[in-house]
Structure formats: C-alpha cells, structure tokens
Amino acid sequence: MPFNRKDLLGIRDLEAHEIEHILDLAKSFKEINTRSIKKVPTLRGKTVVHLFYEPSTRTRTSFDIAAKRLSADTYSITASASSLVKGETFLDTLKNLEAMKPDVFIIRHSASGAPARMAQRTSAAVINAGDGMHEHPSQALLDMLTMREHKGRLEGLTVLIVGDIAHSRVARSNLWGLKKMGASVVLCGPTTLIPPQIERMGARVCRRPEEAIPDADVIMVLRLQKERQQQMLLPSLREYSMVFGINARRLEKAREDVVIMHPGPINRGVEISPEVADGPHSLILDQVTNGVAVRMALLYLLAQRAEDRGQRPE
Ligand code: CP
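First things first, this report covers the structure right here in the doc.

1. Considering the site of the ligand
At step 1: Around the ligand lies a shell formed by Ser56, Thr57, Arg58, Thr59, Arg108, His136, Gln139, Pro263 and Gly264.
At step 2: Between an oxygen atom of the ligand and a side-chain N or O atom of Ser56, the distance comes to 2.6 Å.
At step 3: A distance of 2.9 Å separates an oxygen atom of the ligand from a polar side-chain atom of His136.
At step 4: Summarising the interface, the protein chains cover 91% of the accessible area of the ligand, which totals 250 Å² for the free molecule.
At step 5: Of the residues belonging to the shell around the ligand, the class tally is one nonpolar, six polar and two charged.

Below, the structure written as structure tokens:
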C-alpha cells in the first residue's frame, strides 16, 4: 500500500514515495475539475468536518470544494461562531464533534501540535490545515505538484524561499518535502526571521535575494506577517520591501524560465510587486487550482476505511 496512514499531520512524517503517490493521485483528480459536472461519487456517505480556529480563504474553501466534488457531506465550524466563545475547551469540542461520527476532521489552529493532539483522541482521520509555526502539509503538497507540473521534476531543482522563514509553517513543510524529493532549498530573509541552525534541516541560507536569484528554478515568496513589525523583528515595511521584495528589477538577473510562487494571501507592493505577482512567471493561481486536486487526493486517501482503500475515482 503506497499510503496507509490514518492522519496527515505533517510532511516531516512522510516518505518520498508517499509524497510521489499523493502528487500522482492529485494529477489524476485534476481532470474531474475540468468537467462540466465536477462531481464523482467516490466519498458518498462520508462526513468531513472543517474546524478552523484561524482565518483562511484558500485552504478552507478548497478542502470544502474538494470534499463536495467527491460527494462527501461537509460541515464547517468557525471558532468565533461556535461554543468556544462560551468557554468550551478544545477537547470538549472535539469529544462532542466525535460523537456525531465524522470520517475526517480538517483542522487549522494557532497552536503548533493541536492537530496531533486531536489525532490521538479521535478515530476519525485528521488533516492538518496549518498549525502555528509547525506545518501546513497540504500547502507544501500543492506547491510541489505545481513545481513538478511546470518543471517536469522536483529532483535537482533549486528553490529559493524568501521572507519570514522563522514563523512560516509553509516554509517548514516545503523544506521537509523538497529535501525528501531531492531538491535544493535556499532560504533568505532578515536575520531576525531566519531560525538559528536551520541549515541542519538541509537548507542553505543567504543574506540577500540577489545572491540566490540567478541560480533559482523556483522563487517562493512568503507573506510578510505585518504583526512581526510590532515585535521589532523587522525594519520598516518600506525597508523590507527594498531589500527583500521580489520585483521586476530583481528578476532581471533570474533565469528566463524561473517561476514565482506565493502561498497567499499576498501583500502587494510589500514582499512581491504587482507586476511580478500578475506577470508571466507567476504560478500563484495555478497553486490555488492545484490545491483542490491535492485536497481531493488527501480526502480520497484518508476518508476511506482501510478495507475499501485502493478504489479509483469513477
Ligand atoms: N495559503 C493559505 O493557507 O491560505 P489561506 O490562509 O487563505 O488558507
């Protein structure tokens, strides 16, 4: 069995062959998303609960669309509109939802490790939709699918990740995944936003984007988390943009076939200029399109009980 897990909590846990399997399956699901009737009965009768303790546009919507395209029933819980505001604890919330017999929980939480705690206490599958500064595995998978589609491979690619590496679960999941798949990863950002000893994870660190742009096959720009400025971890946004912002002038030294990625949401004019975000090298909306296919693949693999895994979409 190429993928036989109860949960998806992070990319760190996965083997290269499992990542490959998810990407291949996502590729096969892409065709469903181009049909006029975008629905298959694969997960009919399965129940998927979205539990989002943090805001989300892309992840939440694409998991919901993915589940519905596979005919699962979906229910969405937003922390601010739930009994959490009346003081119910995380574990009590989980116990009550568990009593309704869902098949999959998709959880986003500000605390690193919250999905793992949940996974230990439920027989339903748990998918981490982003936890604190820890991991965002479905984002890294859709990023790798997008890179593989446009470059034909992951092995041997040089991927430059620019921005707030220290607080980025997207950077962490991509670093784990890309290293496992044989890519080289270069990290770049203000020294206050680069975790100490990150090189031990197999990345190279550079001080300025110009040092790494000429060799990069992929430039992944991260959202600048503006709240970090209050924590005195950043110079002014203007200075950040001047030194680390990815704009047309900086890309003059890039390869002709470089691709630009960003997990979103974008701060236009801060970490990325509008002409680059909307320009010919940008794959930002391809990432979003691939997000639905990757999440269909994850739901397909995790929502099915062990005995009926292996069935292909009709
Ligand atoms: N990339 C990402 O996680 O976006 P959302 O926060 O909108 O889900």
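Don't stop here, the text continues.
2. Things to note about the pairing of strand β8 (residues 218–221)
Along any regular strand, the residues point their side chains to alternate faces of the sheet.
At step 1: Of the two faces of β8, the one carrying Val218 and Met220 and the one carrying Ile219 and Val221 are both buried.
At step 2: The sheet contact formed by strand β5 (residues 158–162) and β8 spans four bridges and is parallel. The residue of β8 that forms the bridge with Val162 is Val221.
At step 3: Two strands pair when backbone bridges link them, and β8 and strand β9 (residues 259–261) are joined in this way by three bridges, in the parallel orientation. Note that in β9 the partner of Ile219 across the bridge is Ile260.

3. Side note on unusual backbone geometry
At step 1: Omega for the peptide link from Gly264 to Pro265 comes to -5°, which places this bond in the cis form.
At step 2: Checked against the element boundaries, Pro265 lands in the loop between β9 and α11 (274–277).
At step 3: Phi is positive for Ser71, close to 75°, though the residue is something other than glycine.
At step 4: Assignment of secondary structure puts Ser71 in the loop between α2 (58–69) and β2 (73–78).
At step 5: Look at Ser71 and you get buried, because its relative accessible area is 16%.
At step 6: Here the phi dihedral of Lys101 falls at roughly 60°; this positive angle occurs in a residue that is not glycine.
At step 7: Take Lys101: it is sitting in the loop between α3 (90–98) and β3 (104–109).
At step 8: Residue classification places Lys101 among the exposed positions, given a relative accessible area of 65%.

About the thresholds
Residues numbered from 1 in each chain as written. Predicted model: local features only at pLDDT ≥ 70, side-chain atom pairs only at ≥ 80, totals over all residues. Heavy atoms only, no water. Near = heavy atom within 4 Å. Polar contact = N/O pair within 3.5 Å; in protein donor to acceptor, adjacent residues only side chain to side chain. Areas by Shrake-Rupley, 256 points an atom, 1.4 Å probe, with all protein chains shown as cover. Nonpolar A, V, L, I, M, F, W, Y, C, P; charged D, E, K, R; others polar. Buried < 20%, exposed > 50% of the residue type's maximum accessible area, 1.4 Å probe, protein only. Helix = DSSP H or I, 4+ residues; strand = E, 2+ residues; numbered from the N terminus. Pairing = 2+ DSSP bridges.

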